[in-house]
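Here is what each chain is made of, one letter per residue.
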Amino acid sequence: MWFDSWSALVRVLAVGSAAYVALVVVLRVSGKRTLAKLNAFDLVVTVALGSTLATILLSADVSWSEGVVALALLAGLQYLAAFVSSRWPRGRTVLTARPTLLVEHGTVLASALRQQRVSPAEVRQAVRASGAGDLGRVAAVVLETDGSMSVVTGDRYGDGSALDDVTHPGQRPGPGTSTAGEH
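Residues numbered from 1 in each chain as written. Predicted model: local features only at pLDDT ≥ 70, side-chain atom pairs only at ≥ 80, totals over all residues. Heavy atoms only, no water.

Enquirer: Would you take a moment to explain the pairing of strand S3 (residues 138–143) for this structure?
Expert: Side-chain direction in a regular strand flips from residue to residue, so the side chains alternate between the two faces of the sheet. Within S3, six of the six residues are buried, leaving the element largely enclosed by the surrounding structure. Sheet topology note: the strand S1 (residues 100–104)/S3 ladder contains four bridges and is antiparallel. In the sheet register, Glu 104 faces S3, and the bridge partner there is Ala 140. Pairing of S3 with strand S4 (residues 149–153), which is carried by five bridges, proceeds in the antiparallel orientation. Across the sheet, the residue bridging to Val 142 is Ser 150, located in S4. Counting the residues that bridge the hairpin from S3 to S4 gives five residues, and of these Gly 147 lies at a positive phi of roughly 90°. (Buried < 20%, exposed > 50% of the residue type's maximum accessible area, 1.4 Å probe, protein only. Helix = DSSP H or I, 4+ residues; strand = E, 2+ residues; numbered from the N terminus. Pairing = 2+ DSSP bridges.)

Below, the structure written as C-alpha cells:
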C-alpha cells in the first residue's frame with residue numbers, strides 16, 4: 001500500500017520525533033555503556049533499542065508512553081547487567097563469554113578454531129587487517145567477547161599480562177585465573 005492517510009503520516013512525524021528525543025535522553029542518562037559493544041548482551045540491547053524505536057514509530061498499537069517505558073526498561077536492564085558483570089566475577093562468568101586464544105606465538109590453535117567455529121582464513125584476515133603480514137611475528141590472536149579478533153604482534157607482546165583473562169584451548173579456568181599470560 002502506498003498511502004493510508006495524512007493522519008498516519010502526522011502520527012509518525014509527531015510520535016517519531018518525541019520517541020527519538022526520549023531515546024536520546026534515556027541514552028544520556030544511562031551512560032556510555034548502554035551502547036557499548038563489549039559483550040553479546042550489549043549487542044542484544046543495542047538491537048532491541050533500535051527495534052523498540054522502530055515499533056514506536058510505525059505501530060499505532062504502541063503508545064509513545066509505552067515505548068518510552070520499554071526504552072527505559074532496556075537501558076535499566078543493560079545497566080544492571082553491566083553493574084553485575086563489572087562487580088562480581090561470578091556474574092561476569094554467567095553474562096559474558098571469556099576471550100579465547102586462537103593463535104599463540106605464531107601457531108594457529110586448531111582446537112580453539114574448531115571450538116569457536118572460526119576458520120583459519122578469518123584469522124589470517126584479522127592478522128592482515130592489523131597490518132601484520134607474517135603469522136610467525138604474531139604473538140597472539142584473541143577472539144574477544146564481542147566477536148572481534150585482537151592481534152598482538154611479537155614486538156608489542158611485552159609480558160603478556162593483557163592476556164591474563166584469556167581462555168587457552170583445553171583449559172577451563174575459573175574467574176580471575178591466569179591462563180594465557182604465563183609464558
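Let's pick the thread back up.
Enquirer: Help me understand helix H6 (residues 120–129), please; the structure alone is not making it clear to me.
Expert: Since the α-helix turns once every 3.6 residues, residues separated by three or four places project in the same direction. Listing the buried residues of H6 in full gives Val 123, Ala 126 and Val 127. Here the buried residues of H6 occupy an arc of 100° about the axis, which is enough to place them on one side. Along H6, the residues that are exposed and aim more than 90 degrees away from the buried face are Arg 128 and Ala 129. Taken together, the buried residues of H6 touch S1, helix H5 (110–116), S3 and S4. Just past H6, the residue Gly 131 takes up positive phi, approximately 100°. (Arc of directions from axis to C-beta. Contact = heavy atoms within 4.5 Å.)

Enquirer: Looking at this structure, how should I read the pattern of salt bridges?
Expert: Two side chains of opposite charge can pair, provided their charged atoms sit close to one another. In this structure the tally under the stated criterion is two salt bridges. A salt bridge links Asp 42 to Arg 33; its shortest N-O distance comes to 3.4 Å. Its relative accessible area of 26% is what places Arg 33 among the partly exposed residues. Arg 137 serves as the salt-bridge partner of Asp 134, at 3.5 Å between the closest nitrogen and oxygen. (Salt bridge = Lys/Arg side-chain N within 4 Å of Asp/Glu carboxyl O.)

Enquirer: When you look at the side chain of Ser 85 in this model, what are you seeing that I'm missing?
Expert: Structurally, the position occupied by Ser 85 is in helix H3 (residues 64–87). Note on Ser 85: relative accessible area 5%, which makes it buried. Engagement of the side chain of Ser 85 in a polar contact is seen with the backbone oxygen of Ala 82, the distance being 3.3 Å. Ignoring anything within four residues of it in the chain, the contact list for Ser 85 reads Arg 33, Phe 41, Gly 91, Arg 92 and Leu 95. (Polar contact = N/O pair within 3.5 Å; in protein donor to acceptor, adjacent residues only side chain to side chain.)

Purely geometric stuff here, so don't read any function into it on its own.
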